[in-house]
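Below, each chain spelled out in residue letters.
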Amino acid sequence: EELNLSLKRKLASQNEKNSVLENQISLQASDKIDAERRIYLQKQESQKVTETLREKMKVHQSVVNEIKKQDETINALEAIVRQRTTELESHKKSLKKANAIMKKYEDSCALIEELKEENVKIANEKTLKDSAFYSQVKNLENEKRALESTIRS
């Protein structure tokens with residue numbers, strides 16, 4: 001009976017050990033299932049992140065393309081501005097020339113008026129036979145017409 005009792009104790013001890021091992025195996029299996037679940041969830045999260053990155057890359061590429069288009073537009077507009085600036089500078093030079101001609105014309109007109117007034121005074125003092133007076137007035141009037149013609153053209 002002692003042997004039986006001893007064997008029962010060993011059996012009980014072995015059953016406890018087996019029970020502890022089974023609990024450990026069960027816990028390990030549960031940990032394994034949890035780990036597999038975490039791995040699965042991480043893979044899903046990784047796929048979502050990858051998809052989000054793809055979408056962001058598409059948006060980024062469209063933004064880059066739009067910036068390139070805007071750069072091309074800006075370059076074209078800058079070229080137009082340079083051309084217009086050149087044209088304006090040319091017109092500015094032409095206007096300066098026209099203003100100089102106009103100033104000469106105005107000066108000539110004023111001189112002609114002064115000479116006319118002076119000639120009228122001289123004519124009043126002299127006889128109407130003084131042909132030099134009329135010749136000078138005619139020359140000045142011709143010069144005035146020539147300047148007016150130059151201005152018109």
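Described below are features of the structure shown in this document. Predicted model only: the values in this text are computed from it and were never measured.

Rules used throughout
Counting starts from 1 at the beginning of each chain's written sequence and moves along it residue by residue. Under the rules for a predicted model, residues below a pLDDT of 70 receive no local features and side-chain atom pairs below 80 are neither given nor counted, while totals for whole chains, interfaces and linings still include all residues. To get the side-chain values, all heavy atoms of the structure are used, and hydrogens and water are removed first. Put simply, DSSP H or I for four residues or longer makes a helix, DSSP E for two residues or longer makes a strand, and each gets a number counted from the N terminus. Radius of gyration means the value over C-alpha atoms here, while the globule rule gives 2.2 Å times the residue count to the 0.38 power. Accessibility here uses a 1.4 Å probe with only protein chains present; expressed as a share of the type maximum, an area under 20% marks a residue as buried, one over 50% as exposed, and anything in between as partly exposed. Using a 1.4 Å probe, the Shrake-Rupley method yields the accessible areas, and only the shown protein chains count as cover for residues. Positive charges are assigned to Lys and Arg, negative charges to Asp and Glu, while His and the chain termini are left out of the count. Taken as the charge location is NZ of Lys, CZ of Arg, CG of Asp or CD of Glu. Without a salt bridge and with relative accessible area above 30%, a residue can belong to a patch; like charges are then joined within 9 Å and nonpolar side chains (Val, Leu, Ile, Met, Phe, Trp, Tyr) within 5 Å. The salt bridge definition used is simple: a Lys or Arg side-chain nitrogen within 4 Å of an Asp or Glu carboxyl oxygen.

**Overview of the overall build of the chain**
Looking only at helices and strands, one finds 2 helices and 0 strands in the chain. Relative to the compact-globule value of 15 Å for 153 residues, the chain shows a C-alpha radius of gyration of 55 Å, a clear excess of over 25%. Among the 153 residues that make up the chain, the fraction classed as buried is 7%. Surface summary for the chain: the accessible area is close to 13700 Å², and the carbon and sulfur share equals 55%. Between the centroid of the 30 positive side chains of the chain and the centroid of its 27 negative side chains there is a distance of 3 Å.

**A look at a negative patch on the surface**
Negative charge collects at one region of the surface, where E113, E114, E117 and E118 lie side by side. For E113, a relative accessible area of 38% translates into the label partly exposed.

**A look at the environment of A100**
Tracing the sequence through the fold places A100 in helix α1 (residues 2-125). C-alpha of A100 to C-alpha of S46: the two residues are 54 residues apart in sequence and 79 Å apart in space.

**Details of a nonpolar patch on the surface**
Among the surface-exposed residues, V59, V63 and I67 lie close enough to one another that they form a single nonpolar patch of about 250 Å² accessible area. Examined against the element boundaries, V63 turns out to sit in helix α1. Assessed through its relative accessible area of 42%, V63 is described here as partly exposed.

**Overview of the pattern of salt bridges**
This model, assessed by the stated rule, comprises 5 salt bridges. Here R54 ties to E51 by a salt bridge, and the two come within 3.6 Å at their closest N and O atoms. Here the residue R54 and the residue E51 both occupy positions in helix α1, the gap between them amounting to 3 residues, near one helical turn. Here R152 makes a salt bridge to E148, at a shortest N to O gap of 3.8 Å. One end of the pair, R152, and the other, E148, are both in helix α2 (residues 131-152), 4 residues apart, so they sit about a helical turn from each other. Among the residues examined, R152 registers a relative accessible area of 64% and is labelled exposed.

**A word on a positive patch on the surface**
Together, K92, K93, K96 and K97 make up a positively charged patch on the protein surface. Within the element layout of this structure, K93 appears in helix α1.

**Points about the environment of A29**
Along the chain, A29 turns up in helix α1. With a relative accessible area of 35%, A29 lands in the partly exposed category. In this structure, the C-alpha to C-alpha distance between A29 and S90, residues 61 residues apart in sequence, is 90 Å.

What is shown is where atoms sit, not what they do.
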